[in-house]
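# Coordinates in review
Listed below are the residues making up each chain.
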Amino acid sequence: MSGTSTLLEVSGISVTFDGFRAINNLSFNIGAAELRAIIGPNGAGKTTFMDIVTGKTRPDEGSVLWGEMSRNLLKMNESQIARIGIGRKFQRPTVFEDQSVSDNLMMALKAARGPWRVLVWRPKEEDHARVAALAEQVGLGDQLARKSGELSHGQKQWLEIGMLLAQEPKLLLVDEPAAGMTLAEREQTTALLVELAKTRAVVVVEHDMEFVRRLDCKVTVLHEGSVLAEGSLDHVTANPKVIEVYLGR
Ligand code: ADP
């Protein structure tokens with residue numbers, strides 16, 4: 001693997017669905033503590049890319065290597081990939097609405113300890129402290145006793161990020177985190193993602209250019225399953241090919 005700071009190395013992957021190439025010789029790297037935005041028009045291959053990294057979809061060719069030991073992710077199943085440190089946040093929050101913030105986080109902590117311990121596991125003082133710390137980390141420190149169903153849309157998204165953090169992921173894949181959020185929530189989400197990316201890799205798939213601008217990070221533009229452009233948002237949005245296919249000008 002090139003350079004010790006590379007966490008994920010995707011090389012020459014392709015995926016064909018019923019004769020249609022959804023991912024076409026896609027290559028790129030993600031650094032160990034990097035915030036990266038992936039943008040691209042509908043059908044560009046963003047979801048399929050995340051499906052490959054999380055083991056849901058297998059590419060027909062290419063390699064996906066992980067960490068300094070260059071472990072082959074394509075030989076692992078979805079739960080092994082989750083355990084190795086890849087967490088995925090889908091667009092819709094999937095918290096348990098009738099449970100408190102604290103209970104949701106505790107369930108996530110329990111699940112992170114491994115399924116074989118769930119039946120016998122009883123939370124200790126340190127687990128309650130960890131739950132409080134996770135809530136604090138995602139801006140819900142004063143909401144621990146609140147029923148999750150009563151949280152705002154943005155707070156539910158943060159809670160779910162907190163639940164993912166219970167697994168201590170080294171890479172967090174986040175799908176359209178700002179969708180449906182108020183301006184204040186978007187600002188808080190930006191700050192949260194920037195903070196999280198100081199100690200792990202965070203890859204954000206996002207349509208909202210204003211939100212991507214706030215993230216102020218390297219951007220990868222996907223188109224027809226390949227990287228069309230990469231660099232700062234200003235750099236990629238000045239690229240004539242990006243303007244043509246993505247911005248429609
Ligand atoms: P994006 O997330 O960028 O919108 P996707 O990764 O969802 O793009 O899809 C890329 C292309 O692959 C699209 O044209 C989509 O219709 C196609 N595709 C995705 N999954 C399947 C599937 N399971 N079967 C057939 N075609 C698929």
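Residues numbered from 1 in each chain as written. Predicted model: local features only at pLDDT ≥ 70, side-chain atom pairs only at ≥ 80, totals over all residues. Heavy atoms only, no water.

### Looking at the sheet that holds strand β1 (residues 6-17)
One open sheet accounts for four strands, arranged β2-β1-β4-β5; its pairing is antiparallel. Because the sheet does not close on itself, it has two edges, and the strands there are β2 (20-31) and β5 (71-72). By the bridge criterion, five bridges tie β1 to strand β4 (residues 61-66) in an arrangement that is antiparallel. Opposite Val-10, over in β4, you have Val-64 as the bridge partner. Helix-sheet contacts for helix α1 (residues 46-53) involve β1, β2 and β4, and the interaxial angle to β1 is about 120 degrees. (Pairing = 2+ DSSP bridges. Helix = DSSP H or I, 4+ residues; strand = E, 2+ residues; numbered from the N terminus. Contact = heavy atoms within 4.5 Å. Axes fitted to C-alpha atoms, helices over the stretch in contact; angles between N-to-C directions.)

### What to know about the layout of surface pockets
In this structure, the largest pocket occupies an estimated 520 Å³ of space. Lining the largest pocket we find 22 residues, and of these Ala-108, Ala-111, Ala-112, Met-163 and Gln-167 sit closest to its centre. At the level of elements, α2 (78-84), β6 (86-89), α3 (101-112) and α5 (153-165) are the ones that each hand at least two residues to the lining of the largest pocket. Ranked by the residues each element gives to the lining of the largest pocket, the list is headed by α3, at five residues. Space inside the second largest pocket adds up to approximately 190 Å³. (1 Å grid on protein atoms, 1.4 Å probe; cavity = no way out; pocket = protein on both sides within 12 Å on 5 of 7 lines; lining within 4 Å. Points joined across faces, edges and corners; volume = space filled by probe spheres on them.)

### Regarding the confidence of the model for the protein chain
Taken over all residues, the pLDDT of the protein chain has a mean of 92, while the share at 70 or more is 94%. Across the interface, the model reports ipTM at 0.95; the global pTM reads 0.93. (pLDDT = per-residue confidence, 0-100.)

### Examining the environment of Gly-154
As for its position among the elements, Gly-154 is in helix α5. The buried category is assigned to Gly-154, whose relative accessible area is 0%. Separated by 120 residues in sequence, Gly-154 and Glu-34 place their C-alpha atoms 23 Å apart. Ignoring anything within four residues of it in the chain, the contact list for Gly-154 reads Met-181 and Glu-185. (Buried < 20%, exposed > 50% of the residue type's maximum accessible area, 1.4 Å probe, protein only.)

### A closer look at the side chain of Thr-237
Positionally, Thr-237 belongs in helix α8 (residues 233-237). Among the polar contacts made by the side chain of Thr-237, one reaches the main-chain carbonyl oxygen of Leu-233 at a distance of 2.7 Å. Here Asp-234 takes part through its backbone oxygen, which lies 3.4 Å from a polar atom of the side chain of Thr-237. (Polar contact = N/O pair within 3.5 Å; in protein donor to acceptor, adjacent residues only side chain to side chain.)

### Observations concerning the site of the ligand
The full set of residues close to the ligand is Phe-17, Phe-20, Ala-22, Pro-41, Asn-42, Gly-43, Ala-44, Gly-45, Lys-46, Thr-47 and Thr-48. The separation between an oxygen atom of the ligand and a polar main-chain atom of Ala-44 is 3.1 Å. At 2.5 Å, a side-chain N or O of Thr-48 approaches an oxygen atom of the ligand. In isolation the ligand exposes 570 Å². Once the protein is present, 61% of that is buried. Elements that contribute at least two residues to the shell around the ligand include exactly β2 and α1. For the shell around the ligand, the element with the highest residue contribution is α1, accounting for three residues. Tallied by class, the residues present in the shell around the ligand amount to five nonpolar, five polar and one charged. (Near = heavy atom within 4 Å. Areas by Shrake-Rupley, 256 points an atom, 1.4 Å probe, with all protein chains shown as cover. Nonpolar A, V, L, I, M, F, W, Y, C, P; charged D, E, K, R; others polar.)

### Section: the packing of aromatic side chains
Enumeration over the complete set of coordinates arrives at one aromatic pair. Pairing Phe-28 with Phe-49 gives two aromatic rings, centres 5.0 Å apart and planes at 35 degrees, and the pair type is tilted. With Phe-28 in strand β2 and Phe-49 in helix α1, the pair connects residues that are 21 residues apart, well separated along the chain. Residue class for Phe-28 comes out buried when judged on its relative accessible area of 4%. The class of Phe-49 is buried, set by a relative accessible area of 1%. (Phe/Tyr/Trp six-rings, centres within 6.5 Å; stacked < 30°, edge-to-face > 60°.)

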